[in-house]
Amino acid sequence: MNSLKKYWKKRKFEKTPEPKGKVLKTSKNRFVVQEHWAKIHHFDFRLEMGGVLKSWAVPKGVPEKIGLKRLAISVEDHPVSYINFEGEIPKGSYGAGTVKIFDKGKYELKEKSRDRIIFVLKGKKLKGDYCLIKFKKANQWLLFKTP
Ligand code: MN
């Protein structure tokens, strides 16, 4: 079940400029990568899916070359309206720091199961076939580009 409960619970919307959002019924098959200068710099990779943005924190960023495998940690679903979010999450708030869009665009879903998502990214910087594979360990995935 897709839900924004965890997303809402972590944030105080009177303090953060992040959108409160809601679960939507439609999907436009978009993705976004947001660079996030939080306590630990990382990238957030999000796929619009099932009325929310399925989200992963990718410490080293989405690989642009074949052969690079990157750890991706699944995090709470974000609202679809987060796809356009850029700004400054204030000090003391969850995820405090600057967020900037690194890339966004459409994607094409090729395959999806509980532990495997195969898709094609059609962004400005990120293009081509990608695979996300879930480890046995909770929340940990591997993200890589395929030929
Ligand atoms: Mn983040």
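Residues numbered from 1 in each chain as written. Predicted model: local features only at pLDDT ≥ 70, side-chain atom pairs only at ≥ 80, totals over all residues. Heavy atoms only, no water.

K.L.:
Would you explain the coordination of the manganese ion in this entry?
P.N.:
Put simply, the ideal angle at a metal is 109.5 degrees for four donors in tetrahedral geometry and 90 or 180 degrees for six donors in octahedral geometry. With distances of 2.1 to 2.3 Å, the protein atoms coordinating the manganese ion are H36 (ND1), H42 (NE2) and D44 (OD). As a motif over one chain, the donors of the manganese ion read H-x5-H-x1-D. Grouping residues by exposure puts H42 and D44 together as buried. (Donors = N, O, S within 2.8 Å, 3.2 Å for Na, K, Ca; no water. Buried < 20%, exposed > 50% of the residue type's maximum accessible area, 1.4 Å probe, protein only.)

K.L.:
I would appreciate a short explanation of the layout of surface pockets in the present structure.
P.N.:
Leftover empty space is mapped by rolling, across the atoms, a probe with the size of a water molecule. Estimates place the volume of the largest pocket at around 440 Å³. Of all elements in the fold, only β3 (52-58), β4 (69-78) and β6 (97-113) reach the threshold of two or more residues within the lining of the largest pocket. Along the lines of polarity and charge, the residues of the lining of the largest pocket split into six nonpolar, six polar and seven charged. One number sums up the size of the second largest pocket: a volume of about 190 Å³. Taken together, 14 residues form the lining of the second largest pocket, with R11, H36, H42, D44 and Y94 sitting closest to its centre. (1 Å grid on protein atoms, 1.4 Å probe; cavity = no way out; pocket = protein on both sides within 12 Å on 5 of 7 lines; lining within 4 Å. Points joined across faces, edges and corners; volume = space filled by probe spheres on them. Helix = DSSP H or I, 4+ residues; strand = E, 2+ residues; numbered from the N terminus. Nonpolar A, V, L, I, M, F, W, Y, C, P; charged D, E, K, R; others polar.)

K.L.:
Help me out: how do you make sense of the nonpolar core in this one?
P.N.:
Nonpolar side chains in soluble globular proteins tend to be buried together. Formed by 20 residues in total, the largest nonpolar core has its most connected members in F45, L47, W56, F119, L132 and L143. Looking at this core, the element that brings in the most residues is strand β2 (residues 41-49), giving four residues. Once residues within four sequence positions are removed from consideration, L47 is found in contact with R30, F31, V52, L53, K54, W56, Y107, I117 and F119. Listed in part, the ten residues of the second largest apolar core include Y7, L53, F85 and I89. (Core = buried A, V, L, I, M, F, W, Y, C linked by side-chain atoms within 4.5 Å. Contact = heavy atoms within 4.5 Å.)

K.L.:
How should the side chain of E18 be read in this particular structure?
P.N.:
Its place among the elements puts E18 in the loop between α1 (5-10) and β1 (30-37). A polar side-chain atom of E18 sits 3.1 Å from a polar atom in the side chain of R11. At 2.7 Å, the side chain of E18 forms a polar contact with the side chain of T16. (Polar contact = N/O pair within 3.5 Å; in protein donor to acceptor, adjacent residues only side chain to side chain.)

K.L.:
Explain unusual backbone geometry to me, please; I cannot follow it from the model alone.
P.N.:
Negative phi values dominate among residues other than glycine, just as trans dominates among peptide bonds. Even without being a glycine, N29 presents a positive backbone phi close to 55°. In this fold, N29 is placed in the loop between α1 and β1. Its identity as a non-glycine residue notwithstanding, N139 has a phi of 75°, on the positive side. You can see N139 is positioned in the loop between β8 (127-134) and β9 (140-146). Of the residues examined, N139 reaches a relative accessible area of 41% and is grouped as partly exposed.

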